[in-house]
Amino acid sequence: MLEGINVLLGVTGGIAIYKACDIVSGLKKVNANVDVIMTESATKMIRPGTFQALSQNAVITDTFETPRYWNIEHVSLAQKAHVLLVAPATANIIGKVANGIADDMLSTTIMASTAKVVFAPAMNTKMYENRIVQQNIKKLISLGYRFIEPASGRLACGDVGTGKLADVDKILEFVIDTVKPNRDFVGIKILVTAGPTRESIDPVRFISNHSTGKMGYSIADAASARGAEVILISGPTNLLPPVGVKLIKINTALEMYDMVMNNFKEQNVIIKSAAVADYRPETISARKIKKRGDNLNLTLVRNPDILSELGKLKENRILVGFAAESDNIIKNAKNKILKKNLDFIVANDITEEGAGFGTDTNIVTIIDRNNKIEKIEKTDKMDIAHLILDKVKQITEHRV
Ligand code: PMT
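Residues numbered from 1 in each chain as written. Predicted model: local features only at pLDDT ≥ 70, side-chain atom pairs only at ≥ 80, totals over all residues. Heavy atoms only, no water.

Visitor: Describe a nonpolar patch on the surface, naming the residues involved and giving the relevant values.
Guide: A cluster of nonpolar side chains, namely Tyr-279, Leu-296, Leu-298 and Leu-300, defines an oily patch on the protein surface of about 370 Å² accessible area. If you trace the backbone, Tyr-279 turns up in strand 14 (residues 279-281). Residue classification places Tyr-279 among the partly exposed residues on the basis of a relative accessible area of 40%. (Patch = residues over 30% accessible without salt bridge, like charges linked within 9 Å, V, L, I, M, F, W, Y side chains within 5 Å. Areas by Shrake-Rupley, 256 points an atom, 1.4 Å probe, with all protein chains shown as cover. Salt bridge = Lys/Arg side-chain N within 4 Å of Asp/Glu carboxyl O. Helix = DSSP H or I, 4+ residues; strand = E, 2+ residues; numbered from the N terminus. Buried < 20%, exposed > 50% of the residue type's maximum accessible area, 1.4 Å probe, protein only.)

Visitor: Could you give me a rundown of the environment of Arg-302, with the residues and numbers involved?
Guide: Mapped onto the fold, Arg-302 is located in strand 15 (residues 300-302). Taking relative accessible area as the criterion, Arg-302 reaches 53% and is therefore assigned exposed. Residues Arg-302 and Arg-280, 22 residues apart in the sequence, show an inter-C-alpha distance of 6.5 Å.

Visitor: Which residues make up the nonpolar core, and what values go with them?
Guide: Grouped together as the largest cluster of nonpolar side chains are 37 residues, with contacts concentrated most on Leu-9 and Phe-51. Top contributing element to this core by residue count: helix 9 (residues 168-179), with seven residues. (Core = buried A, V, L, I, M, F, W, Y, C linked by side-chain atoms within 4.5 Å.)

Visitor: A description of the packing of helix 10 (residues 214-225) against helix 14 (residues 381-399) should follow, citing residues and the corresponding values.
Guide: The geometry of helix 10 relative to helix 14 is characterised by a closest axis approach of 8 Å and an angle of 55° between their N-to-C directions. Considering their axes alone, helix 10 and helix 14 lie oblique with respect to each other. Taken as a pair, helix 10 and helix 14 cross one another with a handedness that is right-handed. Facing Lys-214, Met-215, Ser-218, Ile-219, Asp-221, Ala-222 and Ala-223 of helix 10, the residues of helix 14 in contact are Lys-381, Met-382, Ile-384, Ala-385, His-386, Ile-388 and Leu-389. The residue makeup of the contact of helix 10 with helix 14, split by class, is nine nonpolar, two polar and three charged. (Axes fitted to C-alpha atoms, helices over the stretch in contact; angles between N-to-C directions. Parallel < 35°, antiparallel > 145°, perpendicular 65-115°, else oblique. Left-handed = near helix turned anticlockwise from the far one by under 90°. Contact = heavy atoms within 4.5 Å. Nonpolar A, V, L, I, M, F, W, Y, C, P; charged D, E, K, R; others polar.)

Visitor: Go over the packing of aromatic side chains, please, and point to the residues and values.
Guide: One pass over the full model with this rule turns up two aromatic pairs. Summarising the aromatic geometry, the rings of Phe-119 and Phe-147 are spaced 5.0 Å apart at their centres and angled 20° between planes, so their arrangement reads as stacked. Here the residue Phe-119 occupies a position in strand 4 (residues 116-121), and Phe-147 occupies one in strand 5 (residues 146-147), the gap between them amounting to 28 residues. Phe-147 gets classed as buried once you look at its relative accessible area, which sits at 10%. Clustering of aromatic rings is evident, with ring pairs tying together Phe-119, Tyr-145 and Phe-147. Geometry around Phe-185 places Lys-393 over its ring, the cationic atom sitting 5.2 Å from the centre. (Phe/Tyr/Trp six-rings, centres within 6.5 Å; stacked < 30°, edge-to-face > 60°. Lys NZ or Arg CZ within 6 Å of the ring centre and 35° of its normal.)

Visitor: Before we move on, can you summarise the domain arrangement of the protein with the specific residues and values?
Guide: You can read the domains of the protein as domain 1 (6-179) and domain 2 (189-399). Put simply, the middle of domain 1 and the middle of domain 2, counted by C-alpha atoms, are 34 Å apart. The interface of domain 1 with domain 2 comprises 13 residues on the first partner and 10 residues on the second. Roughly 980 Å² is buried in total at the junction of domain 1 and domain 2, and carbon and sulfur atoms are behind 52% of that figure. Put simply, domain 1 and domain 2 have one salt bridge between them. Measuring nitrogen to oxygen at the nearest pair gives 3.8 Å for the salt bridge that ties Lys-170 to Asp-380. Taken together, the links from domain 1 to domain 2 amount to two residue pairs in polar contact (both at pLDDT 80 or more). Listed by contribution, the elements that provide at least two residues to the side of domain 1 that touches domain 2 are helix 8 (131-142), strand 6 (151-154) and helix 9. It is helix 8 that provides the largest number of residues to the side of domain 1 that touches domain 2, a total of four residues. For the side of domain 1 that touches domain 2, the residue count by class is five nonpolar, two polar and six charged. (Domains from an automatic or database assignment. Buried area = accessible area lost by both parts, 1.4 Å probe. Polar contact = N/O pair within 3.5 Å; in protein donor to acceptor, adjacent residues only side chain to side chain.)

Visitor: Tell me about the sheet that holds strand 19 (residues 373-380), and name the residues and values.
Guide: One open sheet holds the eight strands; their spatial order is 12-11-8-13-16-17-18-19, and the pairing between them is mixed. Edge strands, defined here as strands with exactly one partner in the open sheet, are strand 12 (246-249) and strand 19. For this sheet the average axis-to-axis angle between neighbouring strands, irrespective of direction, equals 20°. The pairing of strand 18 (residues 361-368) with strand 19 spans six bridges and is antiparallel. Bridged to Thr-365 within strand 19 is Lys-375. Lying on the sheet, helix 14 is in contact with strand 8 (189-194), strand 13 (269-272), strand 16 (318-325), strand 17 (344-349), strand 18 and strand 19; it crosses strand 19 at an angle near 150°. (Pairing = 2+ DSSP bridges.)

Visitor: Mind laying out the packing of helix 1 (residues 17-29) against helix 9, listing which residues take part and the relevant values?
Guide: At their nearest, the axes of helix 1 and helix 9 sit 10 Å apart, and the two run at 45° to each other. Relative to helix 9, the element helix 1 lies oblique. In this structure, the crossing between helix 1 and helix 9 has a hand that is right-handed. Between helix 1, through Lys-19, Asp-22, Ile-23, Gly-26 and Leu-27, and helix 9, the contact on the second element is made entirely by Val-168, Ile-171, Leu-172 and Val-175. For the contact of helix 1 with helix 9, the residue count by class is six nonpolar, one polar and two charged.

Visitor: How would you summarise helix 9 if you had to cite specific residues and measurements?
Guide: With 12 residues, helix 9 should cover 16 Å at 1.5 Å per step; its first-to-last C-alpha distance of 17 Å lies within 8% of that length. Of all 12 residues in helix 9, nine are buried; the element is thus mostly enclosed. Looking at helix 9, one finds that the buried residues are Val-168, Ile-171, Leu-172, Phe-174, Val-175, Ile-176, Asp-177, Thr-178 and Val-179. Residues of helix 9 that are buried in the fold lie against strand 1 (6-11), helix 1, strand 3 (83-89), strand 4, strand 5 and helix 10. (Expected span 1.5 Å × (residues − 1).)

Visitor: Residue-level account of the site of the ligand, with values.
Guide: For the ligand, the set of nearby residues contains 28 residues, the closest of which are Ser-211, Thr-212, Lys-272, Lys-336 and Asn-348. Here a nitrogen atom of the ligand sits 3.0 Å away from a polar atom, N or O, in the main chain of Pro-304. One nitrogen or oxygen atom from the main chain of Ile-306 is found 3.1 Å from a nitrogen atom belonging to the ligand. Protein contact buries 95% of the 770 Å² of open area that the ligand shows by itself. Counting residues per element, the ones that place at least two in the shell around the ligand are helix 10, helix 12 (306-313), strand 16 and helix 13 (329-340). At four residues, the largest contribution of residues to the shell around the ligand is made by strand 16. (Near = heavy atom within 4 Å.)

What follows is the structure in structure tokens.
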């Protein structure tokens, strides 16, 4: 599949380095040519010979070795590469590249390369969340470098959180997609909503839900990668905006309603994966509400149902809803298709392990207007995003 494609893998010294071996094997299986550059710290964790055997190419470790080829190595490798993947990418290499530092073979090669550069970060959660690291990542994304979001879970240091190297399969798919992108959504405008809404009670408190935006951001990312022009309307999340996507940030359901209504007319497809609060406090106290008595009664009023409103205005647009359910999944989801005039709905049972809020994976059932039901077993939210887009594509093709 990647015949004739040169992948340059930069390996840095993170504990996830052992997975870089699987990445090389995976790339070789799809017939890519793989060259490996290891940083000095990486060579202290795994010997270059391992990567040499797996890649069947000489491994480059530093700039001061006798050149193996007649031309300058960091320039020749940089020129030869179709894609430069850094996996695992430590905070150090991200910081160096973001700040124009080129002081070893890997950073020099990245600097000399015009190939697409993809970082797969892996580090301790606190490091990953450090504002300096996040700023460096944002800066690189704004310059066109691509990042594969790390997974969350238990890390080697014992901490639980975000920072695990993304799944090897996900990294391989990302690389394949980077060099051989499927551009079947070129010319299509898609609006995606993601994340939670926040409904203020007073200046301190709000009503919200557990949505992290992962599902919606994956859809926006996948659609943009496939060539769509994407607007992402998002409640508060900690996620990086996907490359090439226009991000509109909102807090409340009413703000989301306004932004969706301002933008929906030009869209061909609208996918509503946001978890919108159905109710908001009737009044927002201007001052912090003080403790008084044992009970506090709040009066909540209905928020507009954005998806239902879109259903009325839909015309020939494709409208996709989500259903976060804990009981009678199929029955409730089917009702929503009719009530909200959807083309199809993506139902997730939020009580299932690995599904719904906050997880990197989801388990969904896609139900369309003709009652066709497709169950998708537990898989990464990015895979689900592509399957949703495939379904959108099928519907568009049937209409032509
Ligand atoms: O963000 P993650 O952590 O990755 O979690 C993903 C998710 C669980 C949030 C996502 O997979 C999901 O299920 N999103 C929809 C959540 C939801 O609000 O479901 P619902 O059944 O309450 O709403 C049905 C549909 O109506 C949704 O498309 C929703 O966006 C829309 N809606 C709901 C209420 C409202 N006032 N306006 C709306 O448009």
